[in-house]
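Breakdown of the fold
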Amino acid sequence: MKFKPEWKAQWITFAGCPGHTAPVFRRIFHFPSGVKAAQVRICGLGFYVMAINGQRVGDEIMQPAFTAYDKRVLYNVYDVSGYLAEGINEIEVTLGNGWYNEMQASAWQFEHAVWRAQPKMIAELYIDEELFLVSDTSWECARSGTVFNSLRCGETFDGGHRIEGWEQASLTPAPGGMMEEQRIPPIRVRDIIEPVAIIPGPLPVIYDFGVNLSGNVEIKVTGKKGNKVAIQYFELLRATGTPDLERYKQHVYDERFQRDEYILSGQGTEVWHSEFSYNGFRYARVYGEYETIEVVARCFHTDLPDAGGLLCDNSRIDKIQEAVRRSTLTNFHHIPTDCPHREKNGWTGDAHLSCEQALFNFAIQDAYVKWLDDLADCQRPSGRIPCIAPTSSWGYDHMLCGPAWDAALFVIPWQLYRYTGQTAYVERYYEPMEKYLGYLRSILDHGICRIGVGDWSAPAGAPECPTEVLLTAYSFYMADLFARISGILHKGEHQRQASGLAEEIKAAFLREYGSLQTDSQLFYAILLYFGLAEDVPQTLNQLIRTVEKADCHIMGGIFCAKMLLDALTDHGHVELAYKIASQRDFPGWSYMADLCAGTLGENWYGGSSMNHHMFSEIGAWYYKALAGFRIDDCYPGFKRIRLAPHIPADVQEFQAWHQTPYGRLEISWDTEHIRLVIPEGTSATLVYGGITRELASGEYNLNREENHHASCRTAGEASGHGSKL
């Protein structure tokens, strides 16, 4: 059914509930017979769990999605027909603090959020499309068994808790933001992971799950009433067999961090997991008093469907690609976060640096729209945006962001347009982009940007690229993208203005840095990647020189990781790019993936955090360079495809696919053939082995041995009428 924008229900809260305790609300009612359909629309802040007649509704976790609640609040809709029965029914809603009422002090200052208040809820029950029940003061409330809950610090649940009396719910003001139905996929459990090792010894026992993940632990435990079991989550085990917690909790100013606790009821076998928080971890230290215990990990994140895949007989490529995917998924809990443990923040730089691989790998468009809405909601009237979104106040400090991070507002809508062909994405954020360019003009110093930070997490000893180079290049890129977007949307005057700004910045860049001589790979990659090089062959030679000087290793941070492989590949040096991508020692993606237990880290040596996705451009590069999937920007959305596969000597079997708006695009090869699937309604230009041919949609089979005179035929031409290449 289509809901009306206005709500008849009222927001309610439990005024006397202690801040760390999760309140529970209930409504007992009589349900009539003969009902064909029943739906609930509900919002519970920060997060909620809804049950009807003792049965949990749905398998979603930590609903609704996090937003800047004073600007936008999301609600969820459920078909509850199967949960209700004729006669007496009970609906029960338990609320966790989540992001809405974060009480623990941290570097990110969400404890000072302008929206912060006691947990609250609003709900409406419809039967056969007519309003039947609303939240109001007829609902009752009480303390639940969750006696402590914090997004970053964990939960304590008393299994022996029983509600002895109910109180009347109180009315409370709305959180302030406009109400919208949630469109982003919910968080769900995607994997149940058994421990691969149990580190023996006296209590506490440490369980090793073998991979970095996001989620929590579920215990099955027996013991006496009042016994407590604690679960401490962490990423790294020291050589001494003790958890390394210091670097993960350094931004959370609370003694407790990533720790769950369960107090036993003593009633046989008890099964429990936390509800309102999640953790980033590989290890769980379990300690306390119990008789028997079983432990599994629940890996959960935003349920992003696959939109692509890549497999080959080179185990290193497979391992890096899996680390790219795992880092992306385990860092998506309503927003693209930097890491799932100490921060959980939606950093703009991390988000745009990894967006191409995410678009190749996952159906992530709705999730990006939700987060871009968050970013636009945080934009100030001047056009300035923070470097994390959502945010209450933290992140507007100009020394913490700058154009290299702010570019997310332009890059992600642009890539959404390129990968889908839909102008709606750039139209939706056109006004915020225009406002930002006004802000950008105000901070340029005669065309040069000097406000912001540079290449993050470069290895020690990497030749320095002036920070102003990166900031000014991204300033140019945003102006240039806005000019292109204005042209696509037929906004001629804006296009002329943005083009003029781009040319002004480019002229200043060349005046300031055109004659710069350096050993920085990033500098020359920037010139080629953004089209700022005056002499492309000379710039390319300089880039190759810097790579060879580093023994064909990458020597830069997250922005170098984004640009270096693409710059070399786009200018005819895919084999050199592949050599860099394939290095097994430090610094390199393979070395990082080995250290980080199935994810990518915050830096090349795996320190600080072992689960970041900001180095993940290599995942997109595998699709673009090895599979050869290239978008023609004149025909976005893979309407026209440029197929230029590169077959390395150490890859004999390979398969890659991507679900385009027109259907499945696929390439595979073995020692004899290359097989192609071109989606219906598209066409492709194949560039391989010195040949270039135009292909219509269909299935093709190319003989690898006949490079210049290969046979290429559609599946429908198997009778011998295939075309010759």
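Look a little higher up for the structure.
Summarised in this report is the structure supplied together with it. Treat the numbers as computed from the prediction; the structure is a model and nothing was measured.

1. Here we look at the state of the cysteines
Evaluated as defined, the whole model comprises zero disulfides. Cys449 forms no disulfide, and the closest cysteine sulfur to it belongs to Cys401, at a distance of 10.0 Å. Look at Cys449 and you get buried, because its relative accessible area is 0%.

2. What about the packing of aromatic side chains?
Following the criterion strictly, the structure yields 42 aromatic pairs and no others. Seen in terms of ring centroids, Trp7 and Tyr75 are 5.2 Å apart; in terms of plane orientation they differ by 85 degrees. Their pairing is edge-to-face. Here Trp7 is found in the segment before β1 (12-13), whereas its partner Tyr75 is found in strand β6 (residues 72-79), with 68 residues between them in sequence. Classification of Trp7 as buried rests on a relative accessible area of 17%. Relative to Trp115, the ring of Tyr69 has its centre 5.5 Å away and its plane inclined at 85 degrees; by these criteria the two rings are edge-to-face. Of this pair, Tyr69 sits in the loop between β5 (55-56) and β6 while Trp115 sits in the loop between β7 (87-96) and β8 (120-127), placing them 46 residues apart in sequence. For the pair shown, Tyr69 and Trp115 are each scored as buried. Among the aromatic residues, those joined into a ring-pair cluster are Phe66, Tyr69, Trp99, Tyr100, Phe110 and Trp115. Of note, Arg41 hangs over the ring of Trp7, and the distance from its end group to the ring centre comes to 4.0 Å. The lysine or arginine in question, Arg41, covers the ring of Tyr75, its NZ or CZ lying 5.5 Å from the ring centre.

3. Here's the deal with the packing of helix α9 (residues 467-488) against helix α10 (residues 492-513)
α10 packs onto α9 with a crossing angle of 160 degrees between their chain directions and a minimal axis gap of 8 Å. It follows that α9 is roughly antiparallel to α10 by the angle criterion. The interaxial crossing formed by α9 with α10 has left-handed handedness. Residues Glu468, Val469, Thr472, Ala473, Ser475, Phe476, Ala479, Asp480, Phe482, Ala483, Ser486 and Gly487 of α9 form the contact with α10, whose participating residues are His494, Gln495, Ala498, Ser499, Leu501, Ala502, Ile505, Lys506, Phe509 and Tyr513.

4. Things to note about a negative patch on the surface
On the surface, a cluster of negative charge is contributed by Asp313, Glu575, Asp650 and Glu653. Topologically, Asp313 is positioned in the loop between β24 (308-312) and α1 (315-329).

5. Quick word on the sheet that holds strand β13 (residues 167-168)
Pairing in this open sheet of six strands is antiparallel, and the strands run β5-β4-β7-β2-β10-β13 from one edge to the other. With partners counted over all chains shown, the strands left at the sheet margins are β5 and β13, one partner each. By the bridge criterion, four bridges tie strand β2 (residues 23-31) to strand β10 (residues 140-143) in an arrangement that is antiparallel. Bridged to Pro23 within β10 is Arg143.

6. Comments concerning unusual backbone geometry
Following Leu45, the chain continues into Gly46 via a peptide bond in cis, with omega recorded as 0 degrees. Inspection of the secondary structure assignment puts Gly46 in the loop between β3 (38-45) and β4 (47-52). Omega for the bond connecting Phe586 with Pro587 falls within 30 degrees of zero, at -10 degrees, which places this linkage in the cis form. Assignment of secondary structure puts Pro587 in the loop between α14 (574-581) and α15 (589-595). With a phi angle near 65 degrees, Gln109 is a residue other than glycine that sits in the positive phi range. Tracing the backbone shows Gln109 in the loop between β7 and β8. Gln109 gets classed as partly exposed once you look at its relative accessible area, which sits at 32%. We note that Cys552 has phi near 60 degrees; this positive angle belongs to a residue other than glycine. Here Cys552 is to be found in the loop between α12 (536-549) and α13 (558-570).

7. Focus on helix α6 (residues 408-420)
Here α6 is 13 residues long and its end C-alpha atoms lie 18 Å apart, about the 18 Å a rise of 1.5 Å per residue gives. Summarising burial for α6: 13 of the 13 residues are buried, a large majority. Just past α6, the residue Gly421 takes up positive phi, approximately 80 degrees.

8. Some remarks on the pairing of strand β22 (residues 279-288)
Strand direction decides the pairing type here: strand β18 (residues 205-222) and β22, joined by seven bridges, are antiparallel. Note on β22: the bridge partner recorded for Gly215 is Asn279. Direction of pairing for strand β19 (residues 228-234) relative to β22: antiparallel, over a ladder of six bridges. Pairing of Ile231 across the sheet is with Val286, part of β22.

So, how was this worked out
- Residues numbered from 1 in each chain as written.
- Predicted model: local features only at pLDDT ≥ 70, side-chain atom pairs only at ≥ 80, totals over all residues.
- Heavy atoms only, no water.
- Disulfide = S-S within 2.5 Å.
- Buried < 20%, exposed > 50% of the residue type's maximum accessible area, 1.4 Å probe, protein only.
- Phe/Tyr/Trp six-rings, centres within 6.5 Å; stacked < 30°, edge-to-face > 60°.
- Helix = DSSP H or I, 4+ residues; strand = E, 2+ residues; numbered from the N terminus.
- Lys NZ or Arg CZ within 6 Å of the ring centre and 35° of its normal.
- Axes fitted to C-alpha atoms, helices over the stretch in contact; angles between N-to-C directions.
- Parallel < 35°, antiparallel > 145°, perpendicular 65-115°, else oblique.
- Left-handed = near helix turned anticlockwise from the far one by under 90°.
- Contact = heavy atoms within 4.5 Å.
- Patch = residues over 30% accessible without salt bridge, like charges linked within 9 Å, V, L, I, M, F, W, Y side chains within 5 Å.
- Areas by Shrake-Rupley, 256 points an atom, 1.4 Å probe, with all protein chains shown as cover.
- Salt bridge = Lys/Arg side-chain N within 4 Å of Asp/Glu carboxyl O.
- Lys, Arg positive; Asp, Glu negative; His and termini not counted.
- Charge placed at Lys NZ, Arg CZ, Asp CG, Glu CD.
- Pairing = 2+ DSSP bridges.
- Expected span 1.5 Å × (residues − 1).

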